[in-house]
Amino acid sequence: MTVNTQSFKAFIRKSVFLISAFLFFPLFMSAHIAINDRCLDAYKSILSLKFEKASAILKEEEKADPDNLFPVYLEDYIDFLSAFISESDTRYAQYGKNFDKRLSLIKKGDKNSPYLNLFLDNMQLHYALTQVRFGDNLSSATSFSAAFHSFEDNENRFPAFLSHKTGLGLTQILAAMIPDNYQWMLSMLGISGETETGLKALQKVVDYSGNDEFINIGKMEAIFLMAITGERFSTNKKIPLQIMQRFAGQQTGFPTQDNPLYIFARAKIFSAAGLNDKAIEVLSLYRPGPGDFPFFYLSYMMGAAKLNRLDRDGDLLFGRYIANASGKNFIKSSYQRLAWDALLKGDHQKYEQYRKLTLSQGSTRSESDKQAQKEASFAGKISVPLLKARLLFDGGYYDRSLDILLGTRMIEVILSKKDLVEYHYRLGRIYQETGQTAKALESYNQTILKGSGESWYFAANAALQSGLIMESQKKFAEAAVFFRRCLSMENTEYKNSLDQKAKAGLKRIKSHLP
């Protein structure tokens, strides 16, 4: 029997190809993303800070389906929240070691899957946020740039994929928050953020009313981010409260009322809305169980809320936070509030002790700690009535705050020029919050006249708030004058935050100006 040589060679080549394809197919095609009940339970446990429970579930999933990439993403999520919440250097280092390995594993999946791209983008974003948290700002710029551009690219590729819009919205908002002195870096990286664009993207996720459990679990992230960022940028601080109430009324079954992240978000929003009693009520729900990852910052929040009401047991909560905190953020702020608590109780020796600890402990990475450091450097006499009025205002107890300011002799309230400027500023804030805008503008005018040129934030914020009042009255030209006045004040406290709000105001009224 004669065999055709060419046909035989062709047969051999085809056979080798088929055998090779069969043998190596699993290497190229086995990695996949399975959104199943087991992984969704782990996802919910992670967002409830039940990391031990989540890890046990993920081990079961890895045994059942070792090629599923969803557990890889969720394990990275645990590392992210562990490092971010605890601020532990050890956890941060471990997170960094695991991050690159997990990123490489995720990249082995199907590049045409919107879930795979969501996981990659979120991982880059989470790592960038954590790098900032630990002061690695230059490294975070690389991670954030990768996440920012990838979110934009994938929005174009998968415009209908709702879960992707949470990270898309957050990157837009974060880019808009970058201070002016870093704008050159943004330009080099091709980054330009829009707060309104970011909020609209988050809003789409919050408004989802379907039955996709993956989206409904992820909605907690969206409501959390939208509430916190909305509090910062919105001219109406009631808006985040309305968003939270709408979310709570949807009865999605997750999160439960005692979820730590949900408690944090709700308490933050209630505090910003001047509902301090509600914040205390919500924070009281936090009771971590065995194996739950601790969220000690909630003790700091409860202490601050108690102090704002002039309760006498807030010191215990600040002490608990200081004793358990792994990082250095809010340590100075805690000692500052311990000093205030001692002063309100008439213990001047303890006040001085805590004032000095404010200067020597912690870091100045956060705005609260920077402010605490600056105020603690003043060794002079503190106006107790003014301090009480300040705390009560922060808690939304406007009538009690006003009674102190107007019912105490001026010689007891005003002990320095700063006290005089703050006195007019506090009056302005109370009048504004209680709808007495004419009186508010009058007090703000006095604040600007007496406080301009100083490093205190009172005059700058008085200008900003005057602009917001004018904007609400549709007096746009006057509003622009005040917004620009705010921007013109150099070297003031909270300048970055105040400038962002003033710029946002000018942008809103731009079409109404000549």
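I will try to describe carefully the structure that is included in this document. In this text, all values refer to a predicted model and were calculated from it rather than measured experimentally.

**Notes on the overall build of the protein**
Within the protein one finds 27 helices and zero strands. Taking all contacts inside the protein whose residues are at least 6 apart in sequence as the whole, residues at least 24 apart take part in 65%. Summing over all exposed atoms, the protein offers an accessible surface of approximately 24,900 Å²; the carbon and sulfur share of this is 54%.

**Concerning the packing of aromatic side chains**
Each aromatic ring pair is summarised here by two numbers: the centre-to-centre distance and the angle between the ring planes. In the structure shown here, the tally under the stated rule is 31 aromatic pairs. Ring centres 6.0 Å apart and planes at 45° place the aromatic pair Y77 and F80 in the tilted group. Note that Y77 and F80 are positioned in helix α4 (residues 70-86) at a spacing of three residues, about one turn of the helix. In terms of burial, Y77 and F80 fall into one category: buried. With a centroid separation of 5.2 Å and 45° between ring planes, the pair formed by Y425 and F458 is classed as tilted. On the criterion of sequence distance, the pair formed by Y425 in helix α23 (residues 417-433) and F458 in helix α25 (residues 458-472) is long-range, its members being 33 residues apart. You can call Y425 buried: its relative accessible area is 3%. Here a set of aromatic residues connected by ring pairs shows up, and it is made of Y43, F70, Y73, Y77, F80, F84, Y115, F119, F161 and F214. Over the aromatic face of F84 sits the side chain of R133, whose NZ or CZ is 4.4 Å from the ring centroid. Looking at R400, its charged tip hangs above the ring of Y397, at a distance of 5.5 Å from the centre.

**Remarks on the pattern of salt bridges**
Summed over the entire model, instances satisfying the criterion amount to 22 salt bridges. Residue D292 pairs with K50 through a salt bridge whose shortest N-O separation is 3.1 Å. On the criterion of sequence distance, the pair formed by D292 in the loop between α14 (276-283) and α15 (297-308) and K50 in the loop between α2 (37-47) and α3 (51-64) is long-range, its members being 242 residues apart. A salt bridge links E352 to R355; the nearest nitrogen and oxygen atoms lie 2.5 Å apart. Of this pair, E352 and R355 are both found in helix α18 (residues 348-360), three residues apart, which corresponds to roughly one turn of the helix. Overall, the relative accessible area of 8% leaves R355 in the buried class.

**Some points on helix α16 (residues 314-324)**
Residues of α16 that are buried include every one of G314, L317, F318, Y321 and I322, and no others. Mapping the buried residues of α16 onto a view down its axis gives an arc of 135°, with all of them on the same face. For α16, the exposed residues set more than 90 degrees away from the buried face come down to L316 and A323. Where α16 is buried, its residues meet α15 and α17 (331-344).

**Some remarks on the nonpolar core**
Membership of the largest hydrophobic core comes to 108 residues, with the highest contact counts inside it found for L74, I106 and F295. With ten residues, α4 is the single largest residue contributor to this core. The contact partners of L74, leaving out residues within four places of it in the chain, are C39, A42, Y43, I46 and L58.

**Topic: the packing of α25 against helix α27 (residues 495-509)**
Axes are the key here: two packed helices are described by the angle between their axes and the distance separating the axes. Orientation of α25 relative to α27, taken along the N-to-C sense of each, is 25°, at an axis distance of 10 Å. Between α25 and α27, the angle falls in the class roughly parallel. Crossing of α25 against α27: the hand is left-handed. Across the interface between the two elements, A460, N461, L464, L468 and E471 of α25 pack against L498, K501, A502, R508 and I509 of α27.

**Brief notes about unusual backbone geometry**
A positive phi angle is found at L310, which is not glycine, with a value near 65°. For L310, the location among the structural elements is in the loop between α15 and α16. The class for L310 is partly exposed, based on a relative accessible area of 24%. At N491, a position not held by glycine, the phi torsion is positive, near 55°. Positionally, N491 belongs in the loop between α26 (476-488) and α27.

**Quick word on the environment of C486**
Relative to the assigned elements, C486 resides in helix α26. Spatially, the C-alpha atom of C486 lies 6.7 Å from that of A502, the residues being 16 residues apart in sequence. Those residues in contact with C486 that lie beyond four places of it in its chain are A460, A463, L464, L498, D499 and A502.

Calculation rules
- Residues numbered from 1 in each chain as written.
- Predicted model: local features only at pLDDT ≥ 70, side-chain atom pairs only at ≥ 80, totals over all residues.
- Heavy atoms only, no water.
- Helix = DSSP H or I, 4+ residues; strand = E, 2+ residues; numbered from the N terminus.
- Contact = heavy atoms within 4.5 Å.
- Areas by Shrake-Rupley, 256 points an atom, 1.4 Å probe, with all protein chains shown as cover.
- Phe/Tyr/Trp six-rings, centres within 6.5 Å; stacked < 30°, edge-to-face > 60°.
- Buried < 20%, exposed > 50% of the residue type's maximum accessible area, 1.4 Å probe, protein only.
- Lys NZ or Arg CZ within 6 Å of the ring centre and 35° of its normal.
- Salt bridge = Lys/Arg side-chain N within 4 Å of Asp/Glu carboxyl O.
- Arc of directions from axis to C-beta.
- Core = buried A, V, L, I, M, F, W, Y, C linked by side-chain atoms within 4.5 Å.
- Axes fitted to C-alpha atoms, helices over the stretch in contact; angles between N-to-C directions.
- Parallel < 35°, antiparallel > 145°, perpendicular 65-115°, else oblique.
- Left-handed = near helix turned anticlockwise from the far one by under 90°.

All we've got here are geometric facts, nothing functional implied.
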